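One-letter residues, chain by chain:
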Amino acid sequence: QVQLVESGGGLVQAGGSLRLSCTASGRTSSPYAMGWFRQAPGKEREFVAGISWSGGSAYYGDSVKGRFTISRDNAKNTVYLQMNSLKPEDTAVYYCAAHYAVARSVSRLLGQYDYWGQGTQVSVSS
């Protein structure tokens, strides 16, 4: 079992930046990939970014490529999502998720993730 706690959400103006953090606890000795998803009101949860256990593989959703950066610090059991050039359409609840995986593997599929955080609200005003 892995428990995930997100932080760093808030309200920001368009063009601004935010950094989300997600700290894992519990069974963190086994390698696990981590991802960020988001869900806006009335929409399905969508993949934002994912990173492998080793950090050597990272993937992004098309809508955030070039603006968001995912990174991780395994010594702190923490994954980060740096969000720059934010747009009103980035407004959503952002969820951190994890799945056990070998070193360079990471999934973009929601159903592959076993553990989820409670979510943090990101609101971008125009």
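So, a few notes on the structure that sits alongside this text. (Residues numbered from 1 in each chain as written. Predicted model: local features only at pLDDT ≥ 70, side-chain atom pairs only at ≥ 80, totals over all residues. Heavy atoms only, no water.)

**Observations concerning the side chain of arginine 72**
Point 1. When you line up the elements, arginine 72 lands in strand β7 (residues 68-73).
Point 2. Buried charge without a partner: arginine 72 forms no salt bridge, and the closest opposite charge is aspartate 73, 8.2 Å away.
Point 3. For arginine 72, the side chain forms a polar contact with the main-chain oxygen of serine 52, separated by 3.0 Å.
Point 4. Among the polar contacts listed, one links the side chain of arginine 72 to the side chain of asparagine 74, at a separation of 2.7 Å.
Point 5. Excluding its chain neighbours within four sequence positions, the residues that come into contact with arginine 72 are Tyr32, Ala33, Met34, Ile51, Ser52, Trp53, Gly55, Thr78 and Val79. (Helix = DSSP H or I, 4+ residues; strand = E, 2+ residues; numbered from the N terminus. Buried < 20%, exposed > 50% of the residue type's maximum accessible area, 1.4 Å probe, protein only. Lys, Arg positive; Asp, Glu negative; His and termini not counted. Salt bridge = Lys/Arg side-chain N within 4 Å of Asp/Glu carboxyl O. Polar contact = N/O pair within 3.5 Å; in protein donor to acceptor, adjacent residues only side chain to side chain. Contact = heavy atoms within 4.5 Å.)

**Some thoughts on the pairing of strand β5 (residues 46-51)**
Point 1. Among the six residues of β5, five are classified as buried, and the element is accordingly described as predominantly covered.
Point 2. Pairing between strand β4 (residues 32-39) and β5: five bridges, direction antiparallel. Pairing of methionine 34 across the sheet is with isoleucine 51, part of β5.
Point 3. Counting the residues in the hairpin turn of β4 and β5 gives six residues, including glycine 42, whose phi is positive at 80°.
Point 4. The pairing of β5 with strand β6 (residues 58-60) spans three bridges and is classified as antiparallel. Bridge pairing links isoleucine 51 to alanine 58 in β6.
Point 5. Following β5, the chain reverses through six residues before pairing antiparallel with β6; glycine 55 in that reversal takes a positive phi of roughly 85°. (Pairing = 2+ DSSP bridges.)

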